[in-house]
Amino acid sequence: MNSQDIVVSIENLSYQYPRSPDLALQDLNLTVQRGEFLGIIGATGAGKTTLCLTLNGIVPQFHGGRFFGHVNVAGLDTLDTPIPQLAQHVAMVFQDPETQLVTNSVEDEVAFALENLCVSRNEILRRIPWALSQVRLSGLEHRHPSELSGGEKQRLAIAAALAVQPQMLVLDEPTSQLDPAGAQQVFATVRDLNARLGITVILASHASEELAQYTDRIALLSHGQLVTVDTPTRLLAQVKRLQQHAIRPPQVAIFYQLLSERGLHTSSIPVTLAQAEQIYDTVCPE
């Protein structure tokens, strides 16, 4: 792998929060390629949020604690680079859109981060319609954020992050408080931005079905340790391994694993509905 293609390099990362007896992260090593869509999966308390926060310096610069190893993002050391400078390269979207929206209109929300970065007025006026169009919120510029649906609110948070024109978008459980329709909107929007604009995406989630459908690779965390990194097709098909780490596998993978245990063996365990339909046609032809 060419070093110029690597946008995230994590070496021997360990971290311990203040007043915590345990390490939140332990001996992590991970690289992420430019333009990649990486999923992070793990049970509650596995370290997903902490890992996300190391990517923009909030851990350890804001939280303090004991930090070991190196995290390099877009050529910048996250321990030594000020958070406002990192924010120009790494945009964060959190799980609760309500806590991220602070203004009285959709367009003001997009402008807010740009104003904090001292972007010129003319440039702000140019970026607002561009960012809203990228997440399909054009025409809602004057709407109050409270009038939006849950999925629209999260897409607005993504638009505000996107307006900064970062190299990387990091999302921490962005769909955990949304209904299935809203969650699907958010995942589809993020994948579209990744494919169309080439933005590197790192997304932490419990949603194994969506990660199976949209990501290039998935990192499995357990008790602060990186268990493995693999493609969705290989990782999420390991039903028993996921269950051992308190992760719910995709439902189609569970179904075909049960079929296999009952003697109906298939060439592989599918992790998406499309894969399941293909395998079913070979096992049960008309």
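For the structure itself, consult the block above.
Description of the overall build of the protein
The number of helices and strands found in the protein is 12 helices and 10 strands. Rg of the C-alpha trace for the protein: 20 Å, near the compact-globule value of 19 Å for 286 residues, within the 12% margin. In the protein, the share of contacts with a sequence separation of at least 24, taken over all contacts with a separation of at least 6, comes to 66%.

Some remarks on the sheet that holds strand E7 (residues 168-172)
What the 6 strands build is an open sheet, ordered E6-E7-E8-E3-E9-E10; its pairing is mixed. The open sheet is flanked by strand E6 (90-93) and strand E10 (225-230), the only strands paired with a single partner. Strand-to-strand twist across the sheet, computed as the mean angle between neighbouring axes with direction ignored, equals 20°. The sheet contact formed by strand E9 (residues 217-222) and E10 spans 5 bridges and is antiparallel.

Comments concerning the side chain of Arg 155
Structurally, the position occupied by Arg 155 is in helix H6 (residues 150-163). The charged side chain of Arg 155 is buried without a salt bridge, its nearest counter-charge being Glu 152 at 5.1 Å. A polar contact of 3.0 Å, which involves the side chain of Arg 155, links it to the backbone oxygen of Arg 136. The residues touching Arg 155, leaving out its near neighbours within four places in the chain, are Val 135, Arg 136, Leu 137, Gln 185, Val 186 and Thr 189.

Describing unusual backbone geometry
A cis amide bond, omega 10°, links Val 59 with the succeeding residue Pro 60. One non-glycine residue, Arg 19, lies in the positive phi region at around 65°. Here Arg 19 lies in the loop between strand E1 (6-16) and strand E2 (25-33). Residue Arg 19 is classed as exposed on the basis of its relative accessible area of 83%.

Structural notes on the environment of Pro 82
Structurally, the position occupied by Pro 82 is in the loop between strand E5 (76-77) and helix H3 (83-86). A relative accessible area of 44% means that Pro 82 is categorised as partly exposed. Each C-alpha atom, one on Pro 82 and one on Asp 5, is 24 Å from the other, the two residues being 77 residues apart in sequence.

Points about the side chain of Ser 105
Mapped onto the secondary structure, Ser 105 falls in the loop between E6 and helix H4 (106-116). We classify Ser 105 as buried; its relative accessible area is 7%. If we skip the residues at most four places from it in the chain, Ser 105 touches Glu 141, His 142, Arg 143, His 144 and Pro 145.

A look at the environment of Thr 78
Positionally, Thr 78 belongs in the loop between E5 and H3. For Thr 78, a relative accessible area of 0% puts it in the buried group. Remark: the alpha-carbon pair of Thr 78 and Ile 158, spanning 80 residues in sequence, is separated by 22 Å. There is a polar contact of 3.3 Å between the side chain of Thr 78 and the backbone oxygen of Thr 54.

Comments concerning the packing of aromatic side chains
If you walk through the whole model with that rule in mind, you get 4 aromatic pairs. Plain terms: the ring middles of Phe 255 and Tyr 256 are 5.5 Å apart, the flat faces sit at 85° to each other, and that makes the pair edge-to-face. Taken together through their ring pairs, the aromatic side chains of Tyr 15, Tyr 17 and Phe 67 make up a single cluster.

Here's the deal with the sheet that holds strand E4 (residues 66-73)
The 4 strands lie next to each other as E2-E1-E4-E5, forming an open sheet whose pairing is antiparallel. Each end of this open sheet is capped by a strand with a single partner; those strands are E2 and E5. For E4 and E5, the ladder comprises 2 bridges, and the chain directions are antiparallel. Note on E5: the bridge partner recorded for Val 73 is Leu 76.

Re helix H7 (residues 180-197)
Relative to the 26 Å expected for 18 residues at 1.5 Å per residue, H7 spans 25 Å between its end C-alpha atoms, a close match to the ideal helical length. Looking at H7, one finds that the buried residues are Gly 182, Ala 183, Val 186, Phe 187, Thr 189, Val 190, Leu 193 and Asn 194. Relative to the axis of H7, the buried residues are bounded by an arc of 160° and lie together on one face. Seen from the open side of H7, the exposed residues pointing more than 90 degrees away from its buried face are Pro 180 and Ala 195.

Focus on the pairing of E1
Burial analysis of E1 places 8 of its 11 residues in the buried class, the great majority of the element. Here 6 bridges tie E1 to E2, and the two strands are oriented antiparallel to one another. By the bridge assignment, Leu 13 is partnered in E2 with Leu 28. By the bridge criterion, 7 bridges tie E1 to E4 in an arrangement that is antiparallel. Its bridge partner lying in E4, Tyr 15 is registered against Phe 67.

Conventions and cut-offs
Residues numbered from 1 in each chain as written. Predicted model: local features only at pLDDT ≥ 70, side-chain atom pairs only at ≥ 80, totals over all residues. Heavy atoms only, no water. Helix = DSSP H or I, 4+ residues; strand = E, 2+ residues; numbered from the N terminus. Rg over C-alpha atoms; globule rule 2.2 N^0.38 Å. Contact = heavy atoms within 4.5 Å. Pairing = 2+ DSSP bridges. Axes fitted to C-alpha atoms, helices over the stretch in contact; angles between N-to-C directions. Buried < 20%, exposed > 50% of the residue type's maximum accessible area, 1.4 Å probe, protein only. Lys, Arg positive; Asp, Glu negative; His and termini not counted. Salt bridge = Lys/Arg side-chain N within 4 Å of Asp/Glu carboxyl O. Polar contact = N/O pair within 3.5 Å; in protein donor to acceptor, adjacent residues only side chain to side chain. Phe/Tyr/Trp six-rings, centres within 6.5 Å; stacked < 30°, edge-to-face > 60°. Expected span 1.5 Å × (residues − 1). Arc of directions from axis to C-beta.

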